[in-house]
Amino acid sequence: MDFFPLYNSLRVAAISTAVAFFAGIAAAYYIAKTPRIVKGILDCILTLPMVLPPTVVGFFLLKTIGPFGPVGAPVLELFGGRLVMVWYSAVFATTIVAFPLMYRTVRGALESFDENLLYSGQTLGLSNTYLFWRVVLPNCKQGILAGTVLTFARALGEYGATTMVTGYIPGRTATISTTVYQLWREGNDALAYKWVAINLVISAVVLIAVNLLESRYAQPENAARDALREDALREESVRDGALR
Amino acid sequence: MALSVDIRKTMGKFILDVRFDAENEALALLGSSGCGKSVTLKCVAGILKPDEGSIVLDGRLLFDSKKKINLPPQERRVGLLFQNYALFPNMTVVDNILSGMKNERGEDRRRRLNSLIDRFYLQGLESHYPAQLSGGQQQRTALARILASKPSLVMLDEPLSALDSFLRWHLEMELARLLEQFEGTTLYVSHNRSEVYRLCKKVCVMHQGRSEPVRDVAGLFAEPGTLTAALLSGCKNYSRATRIDERSVFALDWGVTLLCETLVPEDISFVGVRAHYFTISDEPGDRNTLDCTTTRVVEDVFGSIVMARSTTAKSTHENSHIRIETSKERVRRLRPGERIFVRAHPKDVMPLRK
């Protein structure tokens with residue numbers, strides 16, 4: 001069994017997750033500060049790849065980075081290399097399709113972030129850069145991690161846009177999802193089942209990771225902790241009162 | 001060494017127009033919720049930008065619309081205690097306090113950290129996270145963090161309003177201790193008249209975005225002067241009124257002429273009497289007596305509240321109901337619908353401007 005599709009899928013997903021990670025956080029952070037109308041428009045544009053059929057994304061991509069496209073043509077002329085039908089073409093496709101997941105999850109985390117933390121930090125003389133890295137990001141950690149895992153999962157499973165820009169070249173551009181399709185077309189059920197099994201395992205791991213991250217947010221636990229704290233608080237006051 | 005604020009800011013339909021000065025003392029901003037107290041604090045802290053005016057702290061211009069000066073919060077040296085304390089949840093008590101002294105290094109920094117930990121009774125909690133602290137400990141940590149940044153001005157935004165009465169008193173005592181020790185100016189924002197009375201000497205009443213002149217807290221309670229101040233200071237009874245002469249007014253909603261010990265200003269439009277200054281008797285008196293019918297008798301925790309309506313009043317306005325707070329013994333046999341005579345001593349009659 002040739003494991004190239006697994007290696008290629010992981011490679012593509014890892015790179016596009018890394019790109020979406022930084023781009024998603026930056027977009028979520030800066031768009032949150034823009035006026036409402038601008039925010040609405042940018043939000044629509046950035047979320048669009050999530051709701052569009054992947055083939056439409058693939059079509060736009062081919063028109064842009066294809067050998068005659070506005071980006072593809074100059075690259076071909078300057079570097080003599082194509083941007084489609086090579087392994088990294090899939091990076092463009094999966095990054096665009098998976099980016100909205102990162103962006104929206106991080107935005108949700110930033111929106112529930114208590115702004116007073118930022119303000120109190122500013123009045124203490126802390127710079128905005130320091131506050132972003134040491135206060136904002138650590139307190140949105142779970143949202144960011146959840147977004148990263150979801151992005152990685154989406155990138156790993158992307159088929160429609162990927163197949164349009166990379167085609168299927170065994171040992172060159174094949175990913176798990178394009179391989180499963182190809183094997184089914186060839187009627188090679190035995191090998192197809194193996195790749196399906198690998199896919200199931202990866203998906204299960206991802207889902208367990210997301211659930212573990214989300215359960216840390218779990219409300220009942222927090223509520224119980226708050227209740228305990230209130231009790232402790234009252235006890236403390238009683239004790240202090242007795243001391244005085 | 002003082003704070004001088006004179007700012008205006010329009011936010012939709014809300015217009016903030018605030019003016020006050022404070023020496024090295026605790027000044028209270030007293031107003032009902034939504035009157036612009038917190039917005040004022042945020043403007044002073046540099047979190048919000050006023051449309052025009054100026055803010056001067058200890059001779060430093062923090063904001064001036066004419067000179068186009070608007071210092072960022074980081075350079076204002078203004079400490080702000082939020083209602084939820086706003087401690088960094090991902091940092092321990094020590095790291096939270098140290099985040100207030102970024103510019104110090106070495107021995108100095110360690111000494112000052114230790115003295116703050118001692119002063120705010122945080123020994124043993126150094127490596128705790130905010131979620132592991134009680135409300136009192138959180139407040140002490142937040143105050144220590146603010147003082148660590150050596151502010152010239154400390155602002156407290158309703159620090160006690162989210163707490164139940166027992167804990168509240170406990171934390172109020174700690175705040176009182178801090179206010180006594182702190183050498184700079186303190187702004188204390190609250191809608192609670194008792195807190196303000198106990199903690200501050202000076203008060204600035206705010207109403208719908210506008211500030212009234214700064215005055216002594218004791219004076220506010222003795223002679224509120226305006227209806228807003230009277231209501232904020234806890235006056236429960238007021239009536240529309242017209243001036244008769246410099247010693248008497250006619251209360252329209254109660255249908256009675258009231259004599260006042262204080263001089264009645266020309267431009268009054270209301271008169272107020274505090275609920276526990278009314279006395280009840282069975283016989284008609286000569287002066288300042290309202291002929292009333294009781295409408296409700298409510299038993300309260302330590303006393304009773306009698307609601308009554310003046311029989312001579314033509315108005316059906318809700319102010320025509322008066323509220324009398326008295327001891328339980330005095331109203332034991334009182335039933336709704338009974339005729340009573342309610343008296344207010346001239347020294348307790350407060351003429352009020354709008």
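Calculation notes
- Just so you know, the residues in each chain are numbered from 1, in the order the chain's sequence is written.
- Chains and ligands are labelled by the order in which they are written, letters from A for the one and numbers from 1 for the other.
- Local features in this predicted model are restricted to residues of pLDDT 70 or higher, and side-chain atom pairs are both shown and tallied only at a pLDDT of 80 or more, whereas totals for entire chains, interfaces and linings draw on every residue.
- Strands here mean DSSP runs of E at least two residues long; helices mean DSSP runs of H or I at least four residues long; both are numbered from the N terminus.
- Our exposure labels follow a C-beta count within 10 Å of each residue's own C-beta, placed from the backbone: buried means 20 or more other C-beta atoms, exposed means 12 or fewer, and partly exposed covers the counts in between.
- By the convention adopted here, residues are in contact when the distance between their C-beta atoms, placed from the backbone, does not exceed 7 Å.
- For helices, the axis comes from a line fit to the C-alpha atoms of the stretch in contact; other axes are also lines fit to C-alpha atoms, and the angle between any two N-to-C directions lies between 0 and 180 degrees.
- With respect to orientation, any angle under 35 degrees is reported as roughly parallel, any angle over 145 as roughly antiparallel, any angle of 65 to 115 as roughly perpendicular, and every other angle as oblique.
- The sense of a crossing depends on the near helix, which, turned anticlockwise from the far helix by less than a right angle, makes the crossing left-handed and, turned clockwise, makes it right-handed.
- Ten residue types, Ala, Val, Leu, Ile, Met, Phe, Trp, Tyr, Cys and Pro, are classed as nonpolar, four, Asp, Glu, Lys and Arg, as charged, and the remainder, Gly among them, as polar.
- Two strands form a pair only when DSSP identifies at least two bridges running between them.
- Buried Ala, Val, Leu, Ile, Met, Phe, Trp, Tyr and Cys residues form a nonpolar core when they are connected through C-beta atoms within 7 Å.
- A score from 0 to 100, pLDDT tells how confident the predictor is in each residue.

Regarding the overall build of chain A
Phase 1: Looking only at helices and strands, chain A has twelve helices and zero strands in total.
Phase 2: For chain A, the succession of helices and strands along the chain, N to C, is α-α-α-α-α-α-α-α-α-α-α-α.
Phase 3: Across the 244 residues that make up chain A, the buried fraction comes to 36%.

Observations regarding the overall build of chain B
Phase 1: Scanning chain B from N- to C-terminus turns up eight helices and 22 strands.
Phase 2: For chain B, the C-alpha atoms occupy an extent of roughly 80 × 50 × 35 Å along the three principal directions.
Phase 3: Counted over contacts in chain B with a minimum sequence separation of 6, partners at least 24 positions apart contribute 66%.

Here's the deal with helix α10 (residues 176-186) of chain A
Working note: α-helix, 3.6 residues per turn, so residues spaced by three or four point in the same direction.
Phase 1: What α10(A) keeps buried is the set A:Ile176, A:Ser177, A:Thr178, A:Thr179 and A:Val180.
Phase 2: Looking one or two residues beyond α10(A), the residue adopting positive phi is A:Gly187, at roughly 75°.

As for the packing of helix α2 (residues 36-51) of chain A against helix α5 (residues 89-111) of chain A
All names here are of chain A.
Phase 1: For the pair α2 and α5, interaxial distance at closest approach is 7 Å and the crossing angle is 120°. Comparing their axes, α5 and α2 come out oblique. Like other packed secondary-structure pairs, α2 and α5 cross with a definite hand, here left-handed. Facing α2, whose interface residues are Leu-46, Thr-47, Pro-49 and Met-50, α5 presents Ile-96, Val-97, Phe-99, Pro-100, Leu-101, Tyr-103 and Arg-104.
Phase 2: Residue classes in the contact of α2 with α5 are distributed as nine nonpolar, one polar and one charged.

Quick look at the interface of chain A and chain B
Interface extent is often summarised as the accessible area lost during association of the parts.
Phase 1: The interface of chain A with chain B comprises 21 residues on the first partner and 24 residues on the second.
Phase 2: For the side of chain A that touches chain B, the secondary-structure elements that each account for two or more residues are α6 (115-123), α7 (128-139) and α12 (219-243) of chain A.
Phase 3: In terms of residue count, the dominant contributor to the side of chain A that touches chain B is α12(A) (seven residues).
Phase 4: Here the residues of the side of chain A that touches chain B sort into eight nonpolar, nine polar and four charged.

A look at the environment of A:Ile15
Residues and elements named next belong to chain A.
Phase 1: Tracing the chain through its elements places Ile-15 in helix α1 (residues 4-31).
Phase 2: Note on Ile-15: 16 C-beta atoms within 10 Å, which makes it partly exposed.
Phase 3: Considered as a pair, Ile-15 and Val-91 are 76 residues apart in the sequence and their alpha carbons are 6.8 Å apart.

Details of the sheet that holds strand β13 (residues 237-245) of chain B
Adjacent strands of a sheet form backbone hydrogen bonds with each other and so pair up, either parallel or antiparallel.
Residue and element names in this part refer to chain B.
Phase 1: With antiparallel pairing, the five strands of this open sheet are ordered in space as β15-β14-β13-β16-β22. At either margin of the open sheet sits one strand with a lone partner, and together these are β15 (256-259) and β22 (350-352). Across the sheet, the mean angle from the axis of one strand to that of its neighbour is 40°, orientation sign disregarded.
Phase 2: As paired elements, strand β16 (residues 270-273) and β22 share three bridges and run antiparallel to each other. Bridging across to β22, Gly-272 finds its partner in Met-350.

Description of the nonpolar core
Nonpolar side chains in soluble globular proteins tend to be buried together.
Phase 1: In terms of nonpolar packing, the biggest core is built from 100 residues, with B:Met155 and B:Val271 touching the most fellow members.
Phase 2: Ranked by residue count, the leading element in this core is helix α4 (residues 135-148) of chain B, at six residues.
Phase 3: Not counting the four nearest positions on each side in its chain, B:Met155 is found in contact with B:Leu41, B:Val44, B:Ala45, B:Val78, B:Gly79, B:Leu80, B:Leu81 and B:Leu187.
Phase 4: A:Ala28, A:Val91, A:Tyr103 and A:Ala161 belong to the second-largest nonpolar core, a separate cluster that totals 39 residues.

Considerations on unusual backbone geometry
Phase 1: Phi is positive for A:Met85, close to 60°, though the residue is something other than glycine.
Phase 2: By the secondary structure assignment, A:Met85 is in the loop between α4 (72-79) and α5.
Phase 3: On the basis of neighbour counts, which here come to 15 C-beta atoms within 10 Å, the residue A:Met85 falls in the partly exposed class.
Phase 4: The phi angle at B:Tyr85 is positive, at roughly 70°, despite the residue not being glycine.

A closer look at the pairing of β13(B)
Residues and elements named next belong to chain B.
Phase 1: As defined by bridge partners, β13 adjoins β16 across four bridges and the pair is classed as antiparallel. Looking at the pairing, Arg-240 lines up with Phe-270 of β16.
Phase 2: When β13 meets strand β14 (residues 248-251), the two strands line up antiparallel, connected through four bridges. Its bridge partner being in β14, Arg-243 is matched across the sheet by Val-249.
Phase 3: Counting the residues in the hairpin turn of β13 and β14 gives two residues.

Structural notes on the sheet that holds strand β19 (residues 304-310) of chain B
Residues and elements named next belong to chain B.
Phase 1: One open sheet holds the five strands; their spatial order is β17-β21-β18-β19-β20, and the pairing between them is antiparallel. Each edge of the open sheet carries a strand with a single partner, namely β17 (278-281) and β20 (321-326). Shown here is a sheet whose adjacent strand axes are inclined to one another by a mean of 45°, direction ignored.
Phase 2: Two elements, β17 and strand β21 (residues 339-344), share four bridges in a ladder whose sense is antiparallel. Bridge assignment links Ile-280 to a residue of β21, and that residue is Val-342.

Some points on the packing of α6(A) against α7(A)
All names here are of chain A.
Phase 1: In the contact formed by α6 and α7, the axes pass within 11 Å of each other and the chain directions differ by 160°. In terms of axis orientation, α6 runs roughly antiparallel to α7. The two elements α6 and α7 cross, and the hand of that crossing is right-handed. On α7, the residues touching Leu-117, Leu-118 and Gly-121 of α6 are Leu-131, Val-135, Val-136 and Asn-139.
Phase 2: Among the residues forming the contact of α6 with α7, the class breakdown is five nonpolar, two polar and no charged.

Structural notes on the confidence of the model for chain B
Phase 1: When pLDDT is averaged along chain B, the result is 88; 99% of the residues meet or exceed 70.
Phase 2: The ipTM assigned to the predicted complex is 0.78, against a pTM of 0.75.

Points about the environment of B:Val203
All names here are of chain B.
Phase 1: Looking at the secondary structure, you find Val-203 in strand β10 (residues 202-207).
Phase 2: Along the primary structure Val-203 and Leu-27 are separated by 176 residues, whereas in three dimensions their C-alpha atoms are 5.4 Å apart.
Phase 3: Excluding residues that lie within four positions of it along the chain, Val-203 makes contacts with Ala-28, Leu-30, Val-196, Arg-215, Val-217 and Leu-220.

A look at the pairing of strand β7 (residues 78-81) of chain B
Residue and element names in this part refer to chain B.
Phase 1: Where burial is concerned, the two faces of β7 agree: the one with Val-78 and Leu-80 and the one with Gly-79 and Leu-81 are both buried.
Phase 2: Relative to strand β8 (residues 153-157), β7 runs parallel, the two sharing four bridges. Note on β8: the bridge partner recorded for Leu-81 is Leu-156.

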